[in-house]
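So the chains spell out like this:
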Amino acid sequence: MNLPLDGRVAVITGGASGVGLGIAREFADQGARVVITDLEREPLDEAVATIGPNCSGVVADVTRLADMEAMYREVIARHGRLDTVVANAGIGAHAPLGATTEEQFDRTFGVNAKGVLFTVQPAIALLPPGGTIVIIGSTASVQPPAGMGLYGGSKAAVRAFVRSWIQDIKGSGIRINVLSPGAVDTDSLRHALAMAQGADAVPAAVRTMGEGNPTGRIADPREMGTAAAFLAGDASSFITGVELFVDGGMAQV
Ligand code: NAD
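### Let's talk about the site of the ligand
Alright, step 1. Taken together, 24 residues form the shell around the ligand, and within it V19, D38, N88, Y151 and V184 come nearest.
Alright, step 2. Between the ligand and S17 there is a distance of 2.9 Å, counted from an oxygen atom to a side-chain nitrogen or oxygen.
Alright, step 3. A distance of 2.8 Å is found between an oxygen atom of the ligand and a backbone nitrogen or oxygen belonging to V184.
Alright, step 4. Taken by itself the ligand offers 820 Å² of open surface, and the protein chains cover 85% of this.
Alright, step 5. Residue assignment for the shell around the ligand shows that the elements contributing at least two residues are α1 (18-29) and α5 (149-168).
Alright, step 6. Classifying every residue of the shell around the ligand gives 11 nonpolar, 10 polar and 3 charged.

### Some remarks on the packing of aromatic side chains
Alright, step 1. Taken as a whole and judged by the stated rule, the model has 2 aromatic pairs.
Alright, step 2. Aromatic pair F105 and F109: ring centres 4.6 Å apart, planes at 15 degrees, arrangement stacked. With F105 and F109 both in helix α4 (residues 102-124), this residue pair falls 4 residues apart, about one helical turn.
Alright, step 3. Using a relative accessible area of 22% as the deciding quantity, one classes F109 as partly exposed.

### Points about the nonpolar core
Alright, step 1. Ranked by size, the top nonpolar core spans 31 residues in total, and within it I12, I23, F27, V34, I36, L179 and M224 carry the most contacts.
Alright, step 2. For this core, the secondary structure elements donating two or more residues are β1 (9-13), α1, β2 (33-38), α2 (41-51), β5 (132-136) and α8 (221-232).
Alright, step 3. Aside from chain neighbours lying at most four places away, what touches I23 is I12, V86, I136, P221, M224, G225 and A228.

### What about the environment of V178?
Alright, step 1. Positionally, V178 belongs in strand β6 (residues 175-181).
Alright, step 2. Taking relative accessible area as the criterion, V178 reaches 0% and is therefore assigned buried.
Alright, step 3. Those residues within four positions of V178 in sequence are excluded, and the remaining contacts are I135, G137, V158, R159, V162, L231, V242, E243 and L244.

### Remarks on the domain arrangement of the chain
Buried accessible area, meaning the area lost when the parts come together, often serves as the stated size of an interface.
Alright, step 1. Domain annotation of the chain identifies domain 1 (9-182 + 224-245) and domain 2 (185-218).
Alright, step 2. Distance between the C-alpha centres of domain 1 and domain 2: 24 Å.

### What about the pattern of salt bridges?
Alright, step 1. By the definition in use, this model includes 10 salt bridges.
Alright, step 2. Note that D45 and R41 form a salt bridge whose closest N and O atoms lie 3.1 Å from each other. Taken as a pair, D45 and R41 lie in helix α2 at a separation of 4 residues, close to a single helical turn.
Alright, step 3. In this structure R41 comes out as partly exposed when scored by relative accessible area, which is 43%.
Alright, step 4. A single network of salt bridges, built from pairs that share partners, joins E26, D29 and R222.

### Considering the packing of α1 against α8
Between two packed helices, what matters for the description is the angle formed by their axes and the separation of those axes.
Alright, step 1. Here α1 crosses α8 at 55 degrees, and the two axes come no closer than 7 Å. Taken together, the axes of α1 and α8 are oblique relative to one another. The two elements α1 and α8 cross, and the hand of that crossing is right-handed. The residues of α8 that touch α1, namely those facing G18, V19, G22, I23, R25, E26, F27 and D29, are P221, R222, M224, G225, T226, A228, A229 and A232.
Alright, step 2. Across the contact of α1 with α8, the residue classes break down as 8 nonpolar, 4 polar and 4 charged.

Calculation rules
Residues numbered from 1 in each chain as written. Predicted model: local features only at pLDDT ≥ 70, side-chain atom pairs only at ≥ 80, totals over all residues. Heavy atoms only, no water. Near = heavy atom within 4 Å. Polar contact = N/O pair within 3.5 Å; in protein donor to acceptor, adjacent residues only side chain to side chain. Areas by Shrake-Rupley, 256 points an atom, 1.4 Å probe, with all protein chains shown as cover. Helix = DSSP H or I, 4+ residues; strand = E, 2+ residues; numbered from the N terminus. Nonpolar A, V, L, I, M, F, W, Y, C, P; charged D, E, K, R; others polar. Phe/Tyr/Trp six-rings, centres within 6.5 Å; stacked < 30°, edge-to-face > 60°. Buried < 20%, exposed > 50% of the residue type's maximum accessible area, 1.4 Å probe, protein only. Core = buried A, V, L, I, M, F, W, Y, C linked by side-chain atoms within 4.5 Å. Contact = heavy atoms within 4.5 Å. Domains from an automatic or database assignment. Salt bridge = Lys/Arg side-chain N within 4 Å of Asp/Glu carboxyl O. Axes fitted to C-alpha atoms, helices over the stretch in contact; angles between N-to-C directions. Parallel < 35°, antiparallel > 145°, perpendicular 65-115°, else oblique. Left-handed = near helix turned anticlockwise from the far one by under 90°.

Structure representation (structure tokens):
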């Protein structure tokens, strides 16, 4: 039986943890050969081991164009082709107006905006017609909470990039879409809640976050994987330039 992503070679940045790891697991289960990238070798190797033989890792920092070009050369050397890129690596910052530093601005826009540009740009020449790019945004692009203006701005930036980029690549057969999660139940989210409220308060804090949205819960990382697989595969062949909110309805109310 053919799986939806059979034969596709997919790169997922920031794939060693959280949302990226959930997407990598789903892509491998749907038949893709997956290359995950991240900043450090050890967590990358651990993640690769949990996904299995259809996954390998490359250390690359999305803020460094030379790293990204070297990473794509390695992917082509390993697999001979590239079909899908998921620009997932991203960071958050609590940065209220009045207390935002220049360092926070440079780091947040460096990873979330510049990093996405230099994940996508070198991939365009490598992707065949039918190639796909999925950029992981956030509901913060349209609903940034207090203190998250910098993060929301960086996610709104990539959403705007995509509206222009699909015109730049007209006729290439490559599609680019944004997948914007709401809250996802990741280790990094639980760690942030534990730091803010104490470890004992985490389960209740996760429940409270979920109660704020129409489905009454937050997402599992695999639910980002199934939605990303839809945008990456032929089932979405006439969809390009959209921002798909995968958020249990949060951005719609
Ligand atoms: P995470 O911290 O668990 O994972 C992010 C990964 O990216 C980490 O493994 C990290 O090492 C890697 N990374 C960071 N900077 C990098 C760089 N410069 N180069 C390469 N890799 C780098 O976070 P997550 O929650 O899984 O977030 C993944 C994406 O999902 C981000 O774009 C984030 O904005 C988005 N998102 C997450 C949530 C959520 O609730 N978790 C909600 C909305 C959007």
